[in-house]
Number of protein chains: 2
Amino acid sequence: DILERPEGLELGGDLREVTIMMSDIRGFTTLSETLAPAQVVKMLNRYLGAMTDIIMAHQGTIDEFLGDAILAVFGAPLQREDDADRAVRCALAMQAAMADINAANLADGLPQVETGIALNTGSVIAGNIGSERRSKYGFVGHPMNVTSRIEDHCAGGEILLSDSTLQKLDGRYRVADRRSLQVKGINQAVVVHRLLEVES
Amino acid sequence: DILERPEGLELGGDLREVTIMMSDIRGFTTLSETLAPAQVVKMLNRYLGAMTDIIMAHQGTIDEFLGDAILAVFGAPLQREDDADRAVRCALAMQAAMADINAANLADGLPQVETGIALNTGSVIAGNIGSERRSKYGFVGHPMNVTSRIEDHCAGGEILLSDSTLQKLDGRYRVADRRSLQVKGINQAVVVHRLLEVES
């Protein structure tokens, strides 16, 4: 499986334009303190399981789970013409899936949750990162950090995309709430938009 | 190997007191933009390889590599009396190893790098996080986020430890520069100290 063992493609590391996705459940850490550990893990795994299926169905590469956060990229190890569009459709499908997740949570007496999703497009170094004892296909570059900063600004239920992602889209989407964010280590403000829906 | 396949221990998730370590190379993302991708990966993997060996030698559990950042915990899946002390000794060994890493970088015409290391102790939920298709032994809780925030305040060559870690130490260490940090989602300020050296 090329996604699992991309060594042949990426041994030394190379520069790739990718669309990066970062998502997390708003307030999950605080919420987790009100529940039994087994409930937290059950709720988290229900959410991550559903999101993983959706990301894989959209040919995204999951880089990490970090607690309730998911970091994924579209465009590495395999680049496709529609990487940014697939990332946007994936984000929409993830938000649409929250209703079922919350219905299942309700049935189990678990709280309702909302996720925020950030999308950003840029050039990153992709390669096998780590050591002989432990390595992973991973990514380095300011666009990764920028995505994390955009994610900090996402409200529950929102999809925020950077201008760099918006410019890559072939599909027609409606956006609103143009905002400029300051990001540490980046001189220019990062312009983001809130995704409304796909135009029919 | 219990560290690689801890399902038997942690299936449902449980609350653990752990000492969390987060480290990263100061300014690495900016530095990476001045180098060829293959050089970035070479430099990163030299660093991560050395750090992985040291963390494993101190019986730490590596949770993640995220670019140049390393997230590790001491105290899960197996809890030991000296988890906090081992984490501190590990951090000292990691800083001590930087001289050799930089000598090797110099020999290859690569830049000198400095790492910052944050340590924090607290109760987190540990368990197998993810889905049937992809899961990992991971951690959820405010102490994880707090560690990341402490790491943001580390200068190159520094080890910052929270008061909660300091209080767990059996060994005698010299600390300085007591600081109070405000952390999002945490009402109380987080008190941190800079580790100087082990008292002989």
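Given the structure is predicted, the values throughout are model-derived calculations rather than measurements. Just so you know, the residues in each chain are numbered from 1, in the order the chain's sequence is written. Written order determines the labels here, with chains lettered from A and ligands numbered from 1. Where local features are concerned, this predicted model is filtered to residues with pLDDT of at least 70; where side-chain atom pairs are given and counted, the filter is 80 or more; whole-chain, interface and lining totals use all residues. As a rule here, side-chain values cover all heavy atoms of the structure and leave hydrogens and water aside.

Structural notes on the overall build of chain A
Working step 1: When helices and strands are tallied, chain A shows six helices and eight strands.
Working step 2: Going residue by residue from the N terminus, the α and β elements of chain A occur as α-β-α-α-β-β-α-β-β-α-β-α-β-β.
Working step 3: Over its C-alpha atoms, taken along the principal directions, chain A stretches across nearly 50 × 45 × 35 Å.
Working step 4: The proportion of buried residues among the 200 residues of chain A is 54%.
Working step 5: In this analysis, two residues are considered to be in contact whenever any of their non-hydrogen atoms come within 4.5 Å of each other. The contacts of chain A with a sequence gap of at least 6 include a subset with a gap of at least 24, amounting to 68%.
Working step 6: For chain A, the exposed surface amounts to about 8,600 Å²; the carbon and sulfur share of it is 48%.
Working step 7: Only four residue types enter the tally: Lys and Arg on the positive side, Asp and Glu on the negative side; His and the chain ends are excluded. Charge coordinates come from a single atom per side chain, which is NZ of Lys, CZ of Arg, CG of Asp or CD of Glu. A gap of 2 Å separates the mean positions of the 19 positive and 28 negative side-chain charges of chain A. The helix and strand labels rest on DSSP assignments: H or I over at least four residues marks a helix, E over at least two residues marks a strand, and numbering proceeds from the N terminus. For every residue, the accessible area obtained with a 1.4 Å probe (protein chains only) is divided by the maximum for its type, and the residue is called buried under 20%, exposed over 50%, and partly exposed between those limits. Reported accessibility uses the Shrake-Rupley method at a 1.4 Å probe radius. Residues are deemed covered only where the shown protein chains occlude them.

Examining the relation of the copies chain B and chain A
Two chain copies, one operation linking them: a rotation about an axis together with a shift along it.
Working step 1: When the copies are superposed, the least-squares fit takes in the C-alpha atoms of residues with a pLDDT of at least 70 in both. Least-squares fitting of chain B to chain A yields an RMSD of 0.0 Å, with the superposition described by an axial translation of 0.0 Å and a rotation of 180 degrees. Such a combination of rotation and displacement between the chain copies is what one expects of a two-fold axis. The C-alpha atom lying nearest the rotation axis in chain B is that of B:Glu64; the distance is 4.0 Å.
Working step 2: Taken as a fraction of all interface residues of chain B, those also at the interface in chain A reach 100%, which identifies the copy contact as same-surface.

Thoughts on the interface of chain B and chain A
Working step 1: The interface is formed by 40 residues belonging to chain B together with 40 residues belonging to chain A.
Working step 2: Joining two parts hides part of their accessible area as seen by a 1.4 Å probe, and the buried area is that hidden amount summed over both. Note on chain B versus chain A: buried area summed over both sides is about 3,500 Å², and carbon and sulfur give 62% of it.
Working step 3: Of all residues in chain B, B:Phe65, B:Arg133 and B:Arg134 give up the largest surface area on contact with chain A, accounting jointly for 17% of the area buried on that side.
Working step 4: One side-chain nitrogen of Lys or Arg within 4 Å of one carboxyl oxygen of Asp or Glu is enough to make a salt bridge. Inspection of the region where chain B meets chain A yields two salt bridges.

Some points on the packing of helix α3 (residues 37–57) of chain A against helix α4 (residues 83–107) of chain A
Residue and element names in this part refer to chain A.
Working step 1: The contact between α3 and α4 brings their axes to 10 Å, and the two run at 150 degrees. Judged by the angle between their axes, α3 and α4 are roughly antiparallel. Our pair here, α3 against α4, has a crossing hand that is right-handed. Here Met43, Arg46, Tyr47, Ala50, Met51, Ile54 and Ile55 of α3 come into contact with α4, specifically with Cys90, Ala93, Met94, Ala97, Met98, Ile101, Ala104 and Asn105.
Working step 2: Among the residues forming the contact of α3 with α4, the class breakdown is 13 nonpolar, one polar and one charged. Inter-axis angles, ranging from 0 to 180 degrees, are taken between N-to-C directions of lines fitted to C-alpha atoms, where helices are fitted over the stretch in contact. Roughly parallel here means an angle under 35 degrees, roughly antiparallel means over 145, roughly perpendicular means 65 to 115, and every remaining angle is called oblique. For any helix crossing, the convention is left-handed if the near helix is rotated counterclockwise from the far helix by under a right angle, and right-handed if that rotation is clockwise. Gly is put with the polar residues, along with every residue not named as nonpolar or charged; the nonpolar set is Ala, Val, Leu, Ile, Met, Phe, Trp, Tyr, Cys and Pro, and the charged set is Asp, Glu, Lys and Arg.

Quick notes on α4(A)
All names here are of chain A.
Working step 1: Under the 1.5 Å per step criterion, the end-to-end length of α4 is 36 Å for 25 residues, consistent within 8% with the ideal 36 Å.
Working step 2: Considering bend angle alone, the principal kink of α4 is centred on Met98 and spans about 30 degrees.
Working step 3: Remark: Gly109 follows α4 within two positions and exhibits a positive phi of approximately 70 degrees. One fewer than the residue count of a helix, multiplied by 1.5 Å, yields its expected span. One axis fitted to the seven residues ending at a residue, another fitted to the seven starting there: the angle between these axes is the bend at that residue.

Observations regarding unusual backbone geometry
Working step 1: Across the junction of A:Ala76 and A:Pro77, the peptide omega takes the value 0 degrees, indicating a cis bond.
Working step 2: Note that A:Pro77 resides in the loop between β3 (69–74) and α4.
Working step 3: The phi torsion at A:Gln59 lies on the positive side, around 60 degrees, for a residue other than glycine.
Working step 4: Structurally, the position occupied by A:Gln59 is in the loop between α3 and β2 (61–66).
Working step 5: Of note, B:Asp177 is a non-glycine position whose phi angle comes to about 55 degrees, a positive value.
Working step 6: We classify B:Asp177 as partly exposed; its relative accessible area is 38%.

Some words on the confidence of the model for chain A
Working step 1: Across the chain, each position has a pLDDT score giving the predictor's confidence in that residue, from 0 to 100. When the pLDDT values of chain A are averaged, the result is 91; 93% of them are 70 or greater.
Working step 2: For the stretch residues 1–10 of chain A, pLDDT sits under 50, and the model shows 17 contacts to residues farther than four places along the chain or on other chains.

Notes on the pattern of salt bridges
Working step 1: Enumeration over the complete set of coordinates arrives at 32 salt bridges over all chains.
Working step 2: Ionic pairing is found between B:Asp14 and B:Arg16, a salt bridge with its closest N-O pair at 3.4 Å.
Working step 3: Overall, B:Asp14 belongs to the partly exposed group, its relative accessible area being 26%.
Working step 4: Classification of B:Arg16 as buried rests on a relative accessible area of 12%.
Working step 5: Taking the shortest distance from any N to any O, the salt bridge between B:Asp83 and B:Arg86 comes out at 3.1 Å. Highlighted residues: B:Asp83 and B:Arg86, both in helix α4 (residues 83–107), separated by three residues, approximately one helical turn.
Working step 6: The exposure class of B:Arg86 is buried, given its relative accessible area of 4%.
Working step 7: Because the salt bridges share partners, they merge into one network encompassing A:Asp82, A:Asp83, A:Arg86 and A:Arg89.

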